[in-house]
Amino acid sequence: MAALDLPALHASHGGCWLRDGGRTRGVGKGEAITAAADTPLLLLNAPLVASRLGYPDLSGLDLLELFAFVHPARFVVPTPKGLAHALGLDEPAGDDAVPALLQQAAGALLERCERDDWAEREGAWTQLQSLQKMRWPWAGLLLQRVRKPQRAERWLFARLPEWDEAPERPQPMQVTLDPAEVTARLAALTGAAAEARPAQRAYAVEAAQAFAPRQREGLPHLLLAQAGTGTGKTLGYLAPASLWAERSGGTVWVSTYTKALQRQLRRESRRAWPGARPDGSQPVVVRKGRENYLCLLNLEDALQGGFGGRAAILAQLVARWAAYSQDGDMIGGDLPGWLGTLFRQRAITSLTDRRGECVYAGCPHYRKCFIERAARASAQADLVIANHALVMVNAARGRDHAQRPTRIVFDEGHHVFEAADSTFAAALTGTEAIELRRWVIGPERGAKGRRRGLSARLADVASYDEAGALAVQAAREAAEALPGDGWLQRLAEGEPSGPIEALLAGVRAVVHARDESGGQDAGYGLETEAAQLPGELIELAAEAQAALAALRTPLIRLGVRLEALLTEPPDWLDGPGRARIEGARHSLAWRVDLLGAWEAMLERLGGPTDPEFVDWLAVERAEAREFDVGLHRRYLDPMKPFARLVLEPAHGVMLTSATLQDGGDWAGAIARSGAAHLDSAPHLSTAESPFDYAAQAEVLIVTDVAKGDLSALAGAYGRLIEASGGGALGLFTAIKRLRAVYGRIADRLARGGLPLYAQHVDPIDTGTLVDIFRDDPRASLLGTDALRDGVDVPGHSLRLVVMEQVPWPKPSILHRARRAAGGGSAHDDRIIRARLAQAFGRLIRSREDHGHFVVLSAAFPSRLLSAFPAGTPIRRVTLAEALQRVAGRVPAAGAESPALPDGTQRAR
């Protein structure tokens, strides 16, 4: 294998290295930028290199782009080490060895294209012709090595397989699972060599109760099961789930909050189910919202000129991936998470159906659609792996009531409340309103893309049915009252157009008038409660409400006409046409419900408060720039609609998590599960963690880092990471402080061989950041809430968790209302203990793990210590002592903890 003899550049916080003419040398940033501007250089992750150099216009021959072309749908950690492992090359010994590796990797990838056993050859030559016209830097080098096929290659859309219709599954048999059979199935899944876990066996038997026949309508078997980390809860509930699916012929849905757990479930489920049944169908299906999947019609538009510049190259690489993808999942599936950041993340999302514009059977690619394939596969599956939001949306407005889940396991059950809060919310904002306008009217004049309004999507219906045509026309005219392009600029200039923009202008004026922040923290949004509002705003709300009603009425009429077409179909209405009209009906019903929610919100503004809801006005801002304005409504208790729409129709539901209850108190878990709104009490179960926290972990509360002193905070983080030799996860409650700390310590740590990465700083998506962190035991990662939960990094790669302060809840209007209803400070304490428990749960993921959990807060209240597992040593120490303990110069665990200075003892 010959290395590619082209100049190569590597830049990190530790410095820059340039290889040219067979020699690698260290260079300054200025020389590196000059070299990159003069000639195309071999790079790895150009946006990250550009960030390190402070030169955003950097371009070159990015090895990640080449990898995405040569090996579409194949995983690689986007670091020198990860690339070396993926290609079977030696790891670089240091930063100065990376440029040589880049040359070797480029040579290996190009050589792969010349080999007869290149598995992803089909389609490569044809797409290279398009990429060459787009002047993709790698095209010329690849065309020398990718030979022209003897026969013309099929276009992507001809190569994708079609899904098949399947008969509807019969109703599941009524089955009661025997405990002995459940434990036998668990033993088969864990294997003969697995260690005995009595807690896991007991957990599996408890989980089986959720699959018993329901005794009364509206009263499901509801199980709340707390399972400490290491219990083995995944196989614990998959054992009864697989047994029930086998005996009953029914489908079990397992719902998660994070994509990481979905990937883990897919792996674990292979122990219980084969990859495919004898007939080729899938017993296990991962199901996500349609906005996660590649839309083939959007891709076709992009390939045929809808995208320009770098985005057009991205479309070609996505087309390469689509031909080899397992399921077309673009967000968390087998599309590399880093691909979007190499180009434009917005271009990735524009290839999905985020606006609900699907024309269903009217699409020429309908029979090959990834979304439709997943929906049909899930209807025939034994196990469907989904997320909380999809399960709730499907229950609230799913197209097929017969396919709604009746046996559900909510893993990461502590997030069910949060997911329900978002799902059952209403927001009349400029962003939401303009999307509705475009859905009805179509794109603004001169806009690119395939977006179509109602008239275009239902043209054949309108030509056949006069009443339907009149309804479409009336809806188009009424939708003119909604905000159009440039609405935010018009609000800022005081020149709103139409009743909805006038309302939003009034909302913006009231919010700014009531702002008491004094201009501080301009990067954060502003809000005020929807109370004591001026009369002018009430009048504007009434006019906006009338405009919304004027739009809702013709949409309802159109829905009635579509239903009539399905009831008495005309001669020309074939199967695909029926499917398209059914899809349009579903989309209409969704928009009608949305308009109804907006009208109800506006009607309340001038009237009495509804105790079930919390309403407020907000101006959303980021980096001191306003990006949205509107009115918001949330349920005070979102578990009320959750209980009505999700729990009551189900037959058995299980909520499970390692942090479900609060220090042995089930009251909070019951309230946040929806159980309080059912007429029967839930079954409660607890399985203790098998880990020896007294020997494996230690909590250190540092008492001498002054709050608000950024220099001291950064110094503490830097010294703790150095003491642990990397492997640190730093958690922040504010992005501003995260960036400040990162900027102060990243260079120093890198010079010591300790790479540091950060959310909201590095141009890398969160999932890829976690992959990089997991892959390098000397790397550390700083982040916010997204990293506090759902990050599974077992082993030596994570041995230190540092929190900058106690994770107090954000004092929003919604939080204030729930705090008042939930017991005041006790409500806050439950939230904080849950956050601490979730963060601590990142540290010890296996029996071999050891580590420290550090909180840099002298004012850490003792009442929150019960968040940590019983037996965990807890010490209040100075930073100097914490550094000694983290570095291992003081025994970390096992010794009896002394009484803490405030009189408390270690957690029991």
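All values reported here derive from a predicted model rather than from experimental measurement.

K.L.:
A description of the overall build of the protein chain should follow, citing residues and the corresponding values.
P.N.:
The helix and strand inventory of the protein chain stands at 36 helices and 23 strands. Radius of gyration (C-alpha) of the protein chain: 29 Å, near the 29 Å computed for a compact globule of 908 residues. Counting only C-alpha atoms, the protein chain reaches 80 × 70 × 65 Å along its principal axes. Sequence-distant contacts in the protein chain: of pairs separated by 6 or more residues, those separated by 24 or more amount to 76%. With 106 positive and 108 negative side-chain charges, the protein chain shows a spacing of 2 Å between the two charge centroids.

K.L.:
Tell me about the pairing of strand 23 (residues 874-877), residues and numbers included.
P.N.:
Side-chain direction in a regular strand flips from residue to residue, so the side chains alternate between the two faces of the sheet. By the alternation rule, side chains of strand 23 split into Ile874 and Arg876 and Arg875 and Val877, which are all buried. In the sheet, strand 17 (residues 697-702) pairs with strand 23 via four bridges, with the strands oriented parallel. Within strand 23, the residue paired with Val699 across the bridge is Ile874.

K.L.:
Tell me what's going on with the pattern of salt bridges, and back it up with residues and numbers.
P.N.:
Opposite charge on two side chains permits them to pair, given that their charged atoms come into close proximity. Evaluated as defined, the whole model comprises 41 salt bridges. Residue Arg818 is joined to Asp421 by a salt bridge in which the shortest nitrogen-to-oxygen separation is 2.6 Å. With Arg818 in helix 34 (residues 813-821) and Asp421 in helix 19 (residues 416-423), this pair connects stretches of sequence that are 397 residues apart. Of the charged contacts, one joins Lys640 and Glu612 as a salt bridge, the two residues approaching to 3.1 Å between their closest N and O atoms. With Lys640 in helix 28 (residues 639-647) and Glu612 in the loop between helix 27 (575-605) and strand 13 (613-622), this pair connects stretches of sequence that are 28 residues apart. Linked through salt bridges whose partners overlap, the residues forming this network are Glu698, Arg875, Glu881 and Arg885.

K.L.:
An account of the layout of surface pockets is needed here, citing residue identities and associated values.
P.N.:
Roughly 770 Å³ of internal volume is contained in the second largest pocket. If you go around the second largest pocket, you meet 32 residues; those closest to its centre are His10, Asp95, Pro755, Tyr757 and Asp776. Among the secondary structure elements, those contributing two or more residues to the lining of the second largest pocket are strand 1 (8-12), helix 2 (46-53), helix 4 (80-87), helix 5 (98-112), helix 32 (735-751) and strand 19 (756-758). For the lining of the second largest pocket, the leading source of residues is strand 1, giving four residues.

K.L.:
How would you sum up the environment of Leu189? Please name residues and give values.
P.N.:
Inspection of the secondary structure puts Leu189 in helix 9 (residues 179-190). Spatially, the C-alpha atoms of Leu189 and Asp762 are 40 Å apart, while their sequence positions differ by 573 residues. The residues touching Leu189, leaving out its near neighbours within four places in the chain, are Leu235, Leu238, Ala239, Arg271 and Ala272.

K.L.:
Mind laying out the sheet that holds strand 6 (residues 221-227), listing which residues take part and the relevant values?
P.N.:
Taken together, the seven strands give an open sheet; going across it, the order is 8-9-7-10-15-6-16, and neighbouring strands pair in parallel fashion. With partners counted over all chains shown, the strands left at the sheet margins are strand 8 (284-286) and strand 16 (683-687), one partner each. Averaged over all pairs of adjacent strands, the angle between strand axes in this sheet comes to 20°, irrespective of strand direction. Pairing of strand 6 with strand 15 (residues 652-657), which is carried by six bridges, proceeds in the parallel orientation. By the bridge assignment, Leu224 is partnered in strand 15 with Leu655.

K.L.:
Can you break down empty space enclosed by the protein residue by residue, with the values?
P.N.:
All told, the structure shown has four cavities of 30 Å³ or more when counted by the stated rule. Forming the boundary of the largest cavity are 15 residues, of which Cys295, Leu296, Cys358, Cys363 and Cys369 lie nearest the centre. Each residue belonging to the lining of the largest cavity can be placed in one class, and the counts come to ten nonpolar, one polar and four charged. Its volume calculated, the second largest cavity comes out at about 90 Å³. Lining the second largest cavity are Gly356, Glu357, Cys358, Val359, Tyr360, Trp439, Arg457, Leu458, Arg580, Gly583, Ala584 and Ser587. Looking at which element gives the most residues to the lining of the second largest cavity, the answer is helix 27, with four residues. Classifying every residue of the lining of the second largest cavity by side-chain character gives six nonpolar, three polar and three charged.

K.L.:
Run through the packing of helix 20 (residues 430-441) against helix 23 (residues 466-479), naming residues and quoting values.
P.N.:
The interhelical angle for the contact between helix 20 and helix 23, taken along N-to-C directions, is 150°, at an axis separation of 9 Å. Between helix 20 and helix 23, the angle is such that the two are roughly antiparallel. For helix 20 against helix 23, the interelement crossing comes out left-handed. Residues Arg437, Val440 and Ile441 of helix 20 form the contact with helix 23, whose participating residues are Ala475, Arg476 and Ala479. Looking at the contact of helix 20 with helix 23, its residues break down into four nonpolar, no polar and two charged.

K.L.:
Can you explain the pairing of strand 17? Please cite residues and give values.
P.N.:
With six of six residues buried, strand 17 is to be regarded as a mostly interior element. The alternating pattern of strand 17 places Ala697, Val699 and Ile701 and Glu698, Leu700 and Val702 on opposite faces, both of which are buried. The pairing of strand 17 with strand 22 (residues 851-855) spans five bridges and is parallel. Paired with Ala697 across the bridge in strand 22 is Gly851.

K.L.:
Now, about the sheet that holds strand 11 (residues 426-429): what can you tell me, with residues and values included?
P.N.:
Each strand in a sheet pairs with another by means of backbone hydrogen bonds, the pair being arranged parallel or else antiparallel. Reading across from one edge, 11-14-13-12 is the order of the four strands in this open sheet, with antiparallel pairing throughout. Pairing within the sheet leaves two strands with one partner each, and these edge strands are strand 11 and strand 12 (526-529). Recorded for the sheet is a direction-independent mean angle of 20° between the axes of neighbouring strands. Two elements, strand 13 and strand 14 (residues 625-635), share ten bridges in a ladder whose sense is antiparallel. Opposite Ala622, over in strand 14, you have Arg625 as the bridge partner.

K.L.:
I'd love a proper account of a positive patch on the surface, names of residues and values included.
P.N.:
Positive charge collects at one region of the surface, where Lys259, Arg263, Arg267 and Arg270 lie side by side. On the secondary structure map, Lys259 appears in helix 12 (residues 259-269).

K.L.:
Tell me about the environment of Ala734, and name the residues and values.
P.N.:
Note on placement: Ala734 falls in the loop between strand 18 (728-731) and helix 32. Residue classification places Ala734 among the buried residues on the basis of a relative accessible area of 8%. Sequence-wise, Ala734 and Asp382 are 352 residues apart; in three dimensions their C-alpha atoms are separated by 43 Å. When neighbours within four sequence positions are excluded, Ala734 is seen to be in contact with Tyr524 and Glu804.

Definitions and limits used
- Starting from 1, residues in each chain are numbered consecutively following that chain's sequence as written.
- Only residues with pLDDT of 70 or above have their local features reported here, since the model is predicted, and side-chain atom pairs are shown and tallied only from 80 upward, although totals for entire chains, interfaces and linings are computed over all residues.
- Computation of side-chain values covers all heavy atoms of the structure but excludes hydrogens and water.
- Each helix is a run of H or I in the DSSP string that is no shorter than four residues. Each strand is a run of E no shorter than two, and both are numbered from the N terminus.
- Two things to know: the radius of gyration comes from C-alpha atoms, and the globule rule equals 2.2 Å times the number of residues to the power 0.38.
- For this analysis, residues touch if any pair of their heavy atoms sits within 4.5 Å.
- In this tally Asp and Glu are treated as negative and Lys and Arg as positive; neither His nor the chain ends contributes.
- The atom standing in for a charge is NZ when the residue is Lys, CZ when it is Arg, CG when it is Asp and CD when it is Glu.
- Exposed residues in this analysis have more than 50% of their type's maximum accessible area, buried residues have under 20%, and partly exposed residues fall in between, with area computed by a 1.4 Å probe over protein chains only.
- Here a strand pair is declared whenever DSSP counts at least two bridges between the two strands.
- Salt bridge criterion: a side-chain nitrogen from Lys or Arg within 4 Å of a carboxyl oxygen from Asp or Glu.
- The way it works is a 1 Å grid over only the protein atoms, where trapped points that fit a 1.4 Å probe form a cavity and open points with protein on both sides within 12 Å along at least five of seven lines form a pocket, and then any residue with an atom within 4 Å of a point lines it.
- Grid points are joined across faces, edges and corners, and a volume is the space filled by probe spheres set on the points.
- An axis is simply a line fitted to the C-alpha atoms; with a helix, the fit covers only the stretch in contact. Between two such axes, the angle follows the N-to-C directions and lies from 0 to 180 degrees.
- Residue type decides the class: Asp, Glu, Lys and Arg count as charged, Ala, Val, Leu, Ile, Met, Phe, Trp, Tyr, Cys and Pro as nonpolar, and the leftover types, Gly among them, as polar.
- In these notes the angle categories are as follows: under 35 degrees is roughly parallel, over 145 is roughly antiparallel, 65 to 115 is roughly perpendicular, and the rest is oblique.
- Left-handed describes a crossing whose near helix is turned anticlockwise from the far helix through less than a right angle; right-handed describes the clockwise counterpart.
- Within the patch definition used here, like charges are joined within 9 Å and nonpolar side chains (Val, Leu, Ile, Met, Phe, Trp, Tyr) within 5 Å, considering only residues with over 30% relative accessible area and no salt bridge.
- Accessible areas in this description were obtained via Shrake-Rupley with a 1.4 Å probe; residue shielding takes into account the shown protein chains only.

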